[in-house]
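Chain residues, written in single-letter form:
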Amino acid sequence: SREIIMAVKAREEVRSREFSAIGMILIGLFVVAYVFIYNRSISQMDDYALKTGIGIAALIVMIVVFVVILRFITTGFFMLLTHQSLNIERKIFFWRKEVADIPVKAMFDVVPEDAFKGINGKVKNYTVARIENKAKYVVLYREGDQVRGAKIQCSSKFHKALKSVVSQNKNAKKA
């Protein structure tokens, strides 16, 4: 049996390392407004059971909001480009999951997000917040009879490697 060795063309890690100042201000305003409205509504109630119920509901809402914000802050994507495929893994805290494995043979274009016009098929998003030196692109590929897209975020070095692999794929199909 022959062993196939996949040569790694490029690797990329995209993480939302910092939370924007505007995001932090919005979260702070939300918490202050929430606590203020909560205190106003609770202080006017006489029914202890109703106060307890509202307090528990408010705590649950705050926990859910905290978990959702924490999820977006800690999400990262690891991309591995080989001659055969573009593999994308999502990492949240310490959980890793493969979310895409796009064969190079199926890819036909890499378009900057700003120039992307849209497709009839589904476009999956594998990006985080805006990060300096990491532009967003849409990788267009065929899956069966449908055209699909994968929105990724990467450095110019990774983009050049991806564009090179896609152009080699186009040239191979023309020949």
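Predicted model, so just to flag it, every value in this text is computed and none were measured. Residue positions are given per chain, counting from 1 as you read along its sequence in written order. Given that the model is predicted, a residue must reach a pLDDT of at least 70 before its local features are reported, and side-chain atom pairs must reach 80 or more before they are shown or counted; all residues, however, enter totals for whole chains, interfaces and linings. With hydrogens and water stripped out, all remaining heavy atoms of the structure feed into the side-chain values.

Observations regarding the overall build of the chain
Step number 1: Broken down by element type, the chain carries 3 helices and 8 strands.
Step number 2: Only runs of H or I of at least four residues qualify as helices and only runs of E of at least two qualify as strands under DSSP, and these elements are numbered from the N terminus. Along the chain direction, N to C, the helices and strands of the chain fall in the order β-α-α-β-β-β-β-β-β-β-α.
Step number 3: Burial status follows relative accessibility: with a 1.4 Å probe on protein chains alone, a residue under 20% of its type maximum counts as buried, one over 50% as exposed, and anything between as partly exposed. The 175 residues of the chain split such that 29% are buried.
Step number 4: Working rule for contacts: check all heavy atoms of both residues, and any pair within 4.5 Å makes them a contact. Contacts spanning at least 24 positions in sequence make up 59% of the contacts within the chain whose residues lie at least 6 apart.

Points about the environment of valine 147
Step number 1: Position of valine 147 relative to the elements: it lies in strand E8 (residues 146–154).
Step number 2: Residue classification places valine 147 among the partly exposed residues on the basis of a relative accessible area of 27%.
Step number 3: Sequence-wise, valine 147 and phenylalanine 108 are 39 residues apart; in three dimensions their C-alpha atoms are separated by 9.7 Å.
Step number 4: Here valine 147 is in contact with Phe108, Ile119, Gly121, Lys122 and Tyr141, once residues within four sequence places are set aside.

A closer look at the sheet that holds E8
As a general point, the strands of a sheet are linked pairwise by backbone hydrogen bonds and lie either parallel or antiparallel.
Step number 1: A pair of strands counts as paired when DSSP detects no fewer than two bridges linking them. Within the open sheet, the 4 strands sit side by side as E5-E7-E8-E6. Their pairing is mixed. Every interior strand has two partners, whereas the edge strands, strand E5 (107–112) and strand E6 (123–126), have only one. Taken pair by pair, the neighbouring strands of this sheet meet at an average axis angle of 20°, ignoring direction.
Step number 2: Alignment of E5 against strand E7 (residues 135–143), held across 5 bridges, turns out to be antiparallel. The residue of E7 that forms the bridge with aspartate 109 is leucine 140. Angles shown run from 0 to 180 degrees and are taken between the N-to-C directions of axes, each axis being a line fitted to C-alpha atoms and, for helices, limited to the stretch in contact.

Describing helix H2 (residues 48–74)
Step number 1: What a helix should span is 1.5 Å times the count of its residues minus one. A rise of 1.5 Å per residue sets the reference length of H2, with its 27 residues, at 39 Å; its end C-alpha atoms lie 39 Å apart and thus fit the reference within 8%.
Step number 2: Pairing of N or O atoms within 3.5 Å defines a polar contact, subject to two protein rules: one partner must be a possible hydrogen donor and the other a possible acceptor, and residues neighboring in sequence count only if both atoms are side-chain atoms. Capping the start of H2 is the job of one residue whose side-chain oxygen sits 3.3 Å from the backbone nitrogen of alanine 49: aspartate 47.

What to know about the pattern of salt bridges
Step number 1: For salt bridges, the criterion is a side-chain nitrogen of Lys or Arg within 4 Å of an Asp or Glu carboxyl oxygen. On inspection of all chains with the given rule, the structure shows 5 salt bridges.
Step number 2: Salt-bridge contacts for glutamate 113 lead to lysine 151; the nearest nitrogen and oxygen are separated by 3.1 Å. Here lysine 151 lies in strand E8 and glutamate 113 lies in the loop between E5 and E6, a separation of 38 residues in the sequence.
Step number 3: Here arginine 148 and glutamate 143 are joined by a salt bridge, their closest N and O atoms 2.9 Å apart.

Re the pairing of E7
Successive residues of a regular strand alternate their side chains across the two faces of the sheet.
Step number 1: Looking at chain direction, E7 and E8 are connected through 9 bridges and run antiparallel. Bridging across to E8, arginine 142 finds its partner in valine 147.
Step number 2: Between E7 and E8, which pair antiparallel one after the other, the connecting turn spans 2 residues, and glycine 144 there sits at a positive phi close to 70°.

A closer look at the packing of aromatic side chains
Step number 1: What counts as a ring pair is set by centres within 6.5 Å for rings of Phe, Tyr and Trp (its six-membered ring), and what kind of pair is set by the plane angle: stacked under 30 degrees, edge-to-face over 60, tilted for all other angles. In total, this model carries 2 aromatic pairs according to the counting rule given.
Step number 2: On the numbers, 6.0 Å between centres and 70° between planes, the contact of phenylalanine 77 with tyrosine 126 is edge-to-face. Here the residue phenylalanine 77 occupies a position in strand E2 (residues 75–82), and tyrosine 126 occupies one in strand E6, the gap between them amounting to 49 residues.
Step number 3: You can call phenylalanine 77 buried: its relative accessible area is 4%.
Step number 4: Here phenylalanine 94 and tryptophan 95 contribute two aromatic rings whose centre-to-centre distance is 4.7 Å and whose plane-to-plane angle is 35°, an arrangement assigned as tilted.

Some thoughts on the confidence of the model for the chain
Step number 1: pLDDT gives the predictor's per-residue confidence on a scale running from 0 to 100. In the predicted model, the chain carries a mean pLDDT of 80, and 89% of its residues have values of at least 70.
Step number 2: Below a pLDDT of 50 lies the segment residues 1–5, which in the model reaches 0 contacts outside its immediate sequence neighbourhood of four places, other chains included.

Observations concerning the side chain of threonine 75
Step number 1: Structurally, the position occupied by threonine 75 is in strand E2.
Step number 2: Its relative accessible area of 7% is what places threonine 75 among the buried residues.
Step number 3: Excluding anything up to four places from it in sequence, threonine 75 contacts Val14, Arg15, Ser16, Arg90, Lys91, Ile92 and Val128.

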